[in-house]
Structure formats: structure tokens, C-alpha cells
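Structural description and commentary
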Amino acid sequence: MSSLKKLALVLCIFSFYNFNAQVTLSTDFTDEIKKKTSLHNIWTVVNRISPMRGSNVRPGLKMNTVRMIGGVKKRINGKNVKYLDFDTCLYDSINNQYVYRFEPLIARLDNIINSQTEIHQIVLDQPPWAFQHGYTFIPSGTRDNVNFREDEQISKYGNALPPANKEAYHDYIKALMTKLVDTYGEEMVLSWRFSVGSEIETPDHWYGTKQDFIEHFENTESAVRTVLPNALVGLHTRAPDYLYKNGAVLNYKGEPFASFAKDLIAYCADNNVKYDFWGISNYVVIGNSNKRNMSTKYDKLFSDLINHPKWNTNASIDLMEYKTVTTMNGADRKGTIEVATSHAEIVALYFSNIYYKNKDKGLNLIYRWGNRLRSKEPPGISILNTMNGKIHYETNSSGTPKIATNDIDAIFTKNENVKQYDVLLYNYNNNSLDYRENEDVNLSFKSEVPEGTTLYYRSISYDKSNNKLQQFLENTSGYVKSGFNDKGDPYRTLTKAGLVAYKAYDNPKPHQYSNWKSIVTKARTDGKSGSIISVNTEIASFAFQKFEFRTED
């Protein structure tokens with residue numbers, strides 16, 4: 001393309017007038033009603049299952065530690081067996097007593113702390129095997145509405161049964177908390193959160209009933225607060241509309257495995273049981289039209305909690321398990337495969353915007369898997385994090401996209417102390433993963449800057465042309481293993497030769513900021529003081545753009 005044509009294209013994209021944008025996104029930085037709170041980093045926590053050798057997460061991130069107190073299983077000769085090495089409580093059948101053994105937990109916590117990773121949360125999610133003492137198990141496939149079945153002794157994850165002796169478990173949790181305070185001091189332990197359970201309506205996490213868990217949560221919460229009244233205690237459920245396998249699977253009392261949320265909220269309110277936070281899980285399965293529909297996420301995940309008449313309005317809400325995946329279990333049977341195309345970047349930004357729009361309702365953090373040492377923050381979150389601490393303003397949207405199902409939105413922020421304005425624009429489609437024609441968008445905002453002021457701005461864009469995997473696959477063929485989706489993590493989906501080639505491949509078009517340009521503010525049309533800025537742009541499918549406006553170059 002000639003230099004003249006390139007110049008014409010740039011002028012076309014960024015011309016400030018006579019541009020018939022299909023969608024307009026705007027805000028008013030002088031309107032106190034549109035002013036929200038400052039953006040916070042919602043992506044600071046990562047999940048780790050029973051870490052033994054300390055931190056293996058990227059510096060600056062906090063850790064949610066899962067399955068730390070025991071109750072885990074081990075596979076020996078193709079058979080699941082109870083693995084006691086990490087149990088913090090054993091049962092002495094000779095003397096008929098519970099014996100505390102906190103050394104395995106303390107050793108693992110020491111390794112994390114000494115590796116300079118901050119502990120965000122400890123999940124009390126599987127009771128040690130000792131607390132199965134007292135149960136009678138009936139044959140698998142039977143039900144007497146009283147006893148658990150033989151095949152429920154050991155679940156996919158370990159011990160998924162409520163403690164048989166609730167009083168003994170209450171004493172154990174008190175001893176555990178006392179040990180933590182004696183070892184690390186009250187101040188440090190109070191900086192940690194304690195979550196009771198993980199996805200508790202899922203059978204392999206909890207074979208008990210809803211009533212069993214309500215009693216278990218109350219028992220555990222009471223024990224924790226007996227030692228530390230101001231401890232942060234909460235729980236982790238599935239979404240409020242959750243129904244396991246359409247109700248076809250029944251628990252030991254003949255009830256379908258379904259959401260506990262509504263009855264839990266009511267019971268806690270009526271019985272003075274306090275939860276400081278509530279966790280939900282969500283995996284965005286990109287090939288499933290329902291699970292990738294971001295426009296329904298708030299209603300499906302959060303609204304039934306927040307709108308419950310007995311909801312604790314002081315509680316925060318976190319996504320405690322989150323990932324955008326091609327599948328929950330790859331063809332290699334090694335679990336979820338993360339999406340590595342630009343689709344994942346926009347899902348993360350969409351979720352972020354849901355959280356920012358509803359921060360006043362308690363939406364707080366999103367916990368991720370992955371993010372190990374030497375990893376990098378993905379482009380979308382990395383760019384979003386440059387806006388942390390700036391004041392968020394409500395976005396107005398008007399117009400119709402060229403592609404009717406495109407979901408185009410923007411996050412507007414302003415520096416409270418300096419005249420700096422940022423706009424992060426993104427384009428998502430809930431109906432199709434296809435990349436189609438670019439959308440014309442007008443971005444505008446009103447500010448206190450006087451009419452005629454010269455501002456300087458630059459932008460950075462990211463779409464499939466900036467994605468290394470997508471560019472690599474566009475220029476090669478035959479490297480994706482049979483049975484795998486080409487949108488997935490290349491370290492799982494590519495053949496051995498393909499991975500070698502991918503590692504050696506230089507991204508031909510990494511995303512980068514444009515040069516600074518100048519723009520002169522115009523008069524407001526509402527007669528108020530200040531001015532208005534208006535910029536026209538194009539945005540591709542599953543893409544984002546960030547604009548930065550400053551008073552100095």
C-alpha cells in the first residue's frame with residue numbers, strides 16, 4: 001500500500017467530523033451522577049491446589065489455597081485410596097480420640113510465605129479422613145435415606161462427606177485456628193480469608209444434602225469466630241440456578257443435586273450466621289452458545305443472590321473459579337484447555353466491566369487458574385490494569401452496530417488529580433465466534449477542560465491480527481492435533497513439531513501504542529462550561545482499543 005493510501009486510511013479512521021458512526025459511546029466527566037468509584041484490580045488472585053513447594057505464581061499475585069487441611073486421595077494400582085500424609089487430624093481408634101497434626105499444613109504455608117507470595121484465602125473444603133469415623137456405608141447403587149453409599153467414601157477429589165461428628169469437627173477447627181494464630185500472629189491470620197467448601201452443590205465436592213451443608217457452614221463459621229471473632233469467613237457455591245445433570249442424579253436422601261443458595265441465605269439471616277463473602281464459579285466454554293453468552297452472566301450468576309430479600313448487603317462476591325476454555329476436558333484427558341485466541345481477551349474485559357458496573361453491589365474479585373512463574377499478564381487485562389485507581393464513569397450507548405449481534409461497550413475513566421482521560425473500547429459477539437467486518441464507533445466525552453484546549457492522545461489496539469497463535473495458524477497447517485480445537489492453548493493442542501515451530505515463530509504484528517496526536521476541544525452543545533472531545537474509530541471483531549487523552553504530549 002502506498003504512503004498516500006495509508007495516510008488516507010488513517011484520516012478516514014480518525015477523522016473527527018462528517019463520520020457516520022454506527023455506535024456512539026460517551027460519558028460526561030463533569031456529571032457527579034455518572035461518577036462511580038475508582039477501578040480496582042479484580043485479577044489479583046490465583047488458585048492453587050495443595051501447593052507444597054511454595055509459590056509458583058507470577059510476582060504480585062495473591063494465592064487462594066485449595067485442599068490444604070487433608071481429605072485428599074491418591075491413586076495406587078489404578079484404585080483410589082485415602083491419602084493421609086497431609087491430613088491435619090487423624091483418628092486414634094485404640095484410644096477413641098481425634099489427634100491433631102498440623103505440621104503438614106504449617107510446612108506448606110511456610111513455603112508460600114517464605115517465597116514472598118501473599119495468601120489471600122485458605123479453603124476449608126475437604127474434612128480430613130478422620131471425620132468419616134462413625135459412618136455406616138451401604139452398597140453402591142442403593143439408598144436408605146440415612147446412610148452414604150460405599151462409592152461415596154472417596155470422590156473424584158477425596159473426602160466429599162460432611163463430618164460425622166460435628167462437635168469433634170468444631171473443636172478441630174478451633175484448634176486449627178489457634179495453631180495458625182500461635183504460629184503466624186493474629187494480624188497475619190486476620191489478613192487471610194477462610195472459605196468453607198468449593199462448589200458445594202457438585203457431588204464430587206459434597207455428597208451431603210443442602211441441610212447437611214447449612215449445618216456444616218454454621219458449625220465451621222462458629223468455630224473460626226470463637227478464636228477470631230473478626231475473621232473473614234465465607235463460602236463457595238455454584239450459580240443460584242444450578243441443577244446437576246438436569247436433576248437426574250440424586251443424593252443419599254433421594255434429592256437432586258441443586259443450588260443451596262436461596263435457603264443458605266435465608267438460614268444465615270434468620271440464625272445470625274455471618275458470611276463476609278460469597279464465591280461463585282464460572283467457566284466460559286467458548287463453543288457453547290449459552291456458556292459464552294456474556295450478556296446473561298450477571299443475571300445467571302449474581303442477581304438471585306443480590307436480590308434475595310435476606311441477602312447480606314455487606315458481603316462481597318467473587319468468581320472463585322474462572323477460565324475461558326475450549327473444553328472442560330481435552331482429548332488428552334488432562335482437564336480444561338484455555339482459549340488462546342483474541343476471544344479470551346474480550347471475555348475478560350466483558351467480565352471486568354460487569355464487575356465495575358456492579359461494584360456497589362459487592363462484586364469484587366475474579367480468581368484464575370494458571371499464571372505461573374515466567375508467565376505474562378494477557379494483553380486485555382494488562383491494558384485494563386493501566387486504568388486501576390482512576391475514577392470510573394457511567395457509559396452511555398446509542399446507535400446500532402453493523403452486525404446486529406455485536407455487543408460493543410467501553411470503560412471510561414478519569415484521573416482525579418490530573419487532567420487524564422482513558423477509554424477502553426471492546427467488541428464481543430454472544431452469538432457467533434466468527435470474525436466479520438469492522439464496526440464504526442464514535443467515542444466522545446465532556447470534560448472541564450475549556451473549549452479550544454489542545455489535548456494529546458494515543459491509542460493501542462488488539463485483534464486477531466495481533467494474536468500470535470492466530471497468525472501462526474493462518475500461515476501454517478497440519479499442526480493442530482486430532483480432536484483438539486484450534487483456539488486452544490498451543491502447549492496442549494499443537495503437535496510436537498507444531499509446538500517447536502510455534503515457539504520459534506515471531507509475532508509479525510505485536511500490539512503497540514500509536515504515536516501521540518493532537519486534538520482541539522470543542523464547545524459543549526448543552527451550554528455548560530467545559531468542552532467536548534469526539535474521536536471516530538473502527539474496531540474489529542473480538543477486539544479492544546484503548547485511548548489515552550492527556551493535556552501534555
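Throughout what follows, the structure given in this document is the object of discussion. Treat the numbers as computed from the prediction; the structure is a model and nothing was measured. For every chain, the first residue of its written sequence is number 1, and the numbers climb from 1 along that sequence. Local features in this predicted model are restricted to residues of pLDDT 70 or higher, and side-chain atom pairs are both shown and tallied only at a pLDDT of 80 or more, whereas totals for entire chains, interfaces and linings draw on every residue. Derived side-chain values reflect all non-hydrogen atoms in the structure, with water molecules and hydrogen atoms excluded from consideration.

1. With respect to the sheet that holds strand S25 (residues 543–550)
Pairing is antiparallel in the open sheet, where seven strands are placed in the order S2-S16-S18-S19-S25-S21-S22. Two strands lie at the open edges of the sheet, namely strand S2 (35–38) and strand S22 (517–520), each paired on one side alone. Going across the sheet, the axis of each strand differs from the next one's by a mean of 30°, ignoring polarity. Sheet topology places S2 next to strand S16 (residues 391–393); two bridges connect them, and they run antiparallel. In the strand pairing of S16, Ser 38 is matched with Ile 391. Two strands make a pair as long as DSSP finds a minimum of two bridges between them. Helix and strand assignments follow DSSP, with helices taken as H or I runs no shorter than four residues and strands as E runs no shorter than two, numbered in order from the N terminus. Note on geometry: axes are C-alpha line fits, over the in-contact stretch for helices, and angles between N-to-C directions span 0 to 180 degrees.

2. Description of the nonpolar core
By convention a nonpolar core is built from buried Ala, Val, Leu, Ile, Met, Phe, Trp, Tyr and Cys residues, the set being connected through side-chain atoms within 4.5 Å. When a residue's accessible area, from a 1.4 Å probe over protein chains only, is under 20% of the maximum for its type it is buried; when over 50% it is exposed; and in between it is partly exposed. Judged by nonpolar contacts, the single largest core of 94 residues is most densely connected at Leu 180, Trp 278, Phe 302 and Phe 351. If you tally residues by element for this core, the top one is helix H8 (residues 342–357), at ten residues. The contact partners of Trp 278, leaving out residues within four places of it in the chain, are Leu 235, Thr 237, Ala 261, Leu 264, Ile 265, Leu 305, Trp 311, Ser 316, Ile 317, Asp 318 and Met 320. The contact criterion used throughout is that any non-hydrogen atoms of two residues lie within 4.5 Å.

3. So, the pairing of strand S4 (residues 62–66)
Counted residue by residue, S4 has four buried out of five residues, so it is predominantly covered. The sheet contact formed by strand S3 (residues 45–49) and S4 spans five bridges and is parallel. Following the sheet pairing, Asn 47 is matched in S4 by Asn 64. Here four bridges tie S4 to strand S9 (residues 118–124), and the two strands are oriented parallel to one another. Looking across to S9, one finds that Thr 65 is bridged to Ile 122.

4. Section: the packing of aromatic side chains
Think of it this way: a Phe, Tyr or Trp ring, Trp meaning its six-membered ring, pairs with another when their centres are within 6.5 Å, and the plane angle makes it stacked under 30 degrees, edge-to-face over 60, tilted otherwise. All told, the structure shown has 40 aromatic pairs when counted by the stated rule. For the ring pair Tyr 135 and Phe 148, a centre distance of 5.3 Å and an interplane angle of 85° mean the geometry is edge-to-face. Residue Tyr 135 is located in the loop between S9 and helix H3 (166–184), and its partner Phe 148 is located in the loop between S9 and H3; the two are separated by 13 residues in the primary sequence. You can call Phe 148 buried: its relative accessible area is 2%. In this structure an aromatic cluster arises from ring pairing among Phe 29, Tyr 393, Phe 412, Tyr 421, Phe 445, Tyr 457, Phe 547 and Phe 549. Lysine NZ or arginine CZ positioned within 6 Å of the ring centre and within 35 degrees of the ring normal marks a charge as sitting over the ring. Over the ring of Phe 277 we find Arg 193; its NZ or CZ atom is 3.7 Å from the centre of that ring. The ring of Tyr 513 has Arg 458 lying over it, and the distance from NZ or CZ to the ring centre is 3.7 Å.

5. Topic: the pattern of salt bridges
Within this document, salt bridges are pairs made up of a side-chain nitrogen of Lys or Arg and a carboxyl oxygen of Asp or Glu, the two lying within 4 Å of each other. Counted by the stated rule, this structure contains 29 salt bridges. As a salt-bridge pair, Asp 28 and Arg 524 come within 3.2 Å of each other at their nearest N and O atoms. With Asp 28 in strand S1 (residues 23–28) and Arg 524 in the loop between strand S23 (522–523) and strand S24 (531–539), this pair connects stretches of sequence that are 496 residues apart. In this pair, the class of Asp 28 matches that of Arg 524, namely buried. A salt bridge links Asp 241 to Lys 300, with the nearest nitrogen and oxygen atoms 3.7 Å apart. Note that Asp 241 is positioned in the loop between strand S11 (232–236) and helix H6 (261–270) and Lys 300 in helix H7 (residues 297–306), a separation of 59 residues in sequence. Residue Asp 241 is classed as partly exposed on the basis of its relative accessible area, which comes to 44%.

Geometric descriptors of this kind do not, in isolation, establish any biological role.
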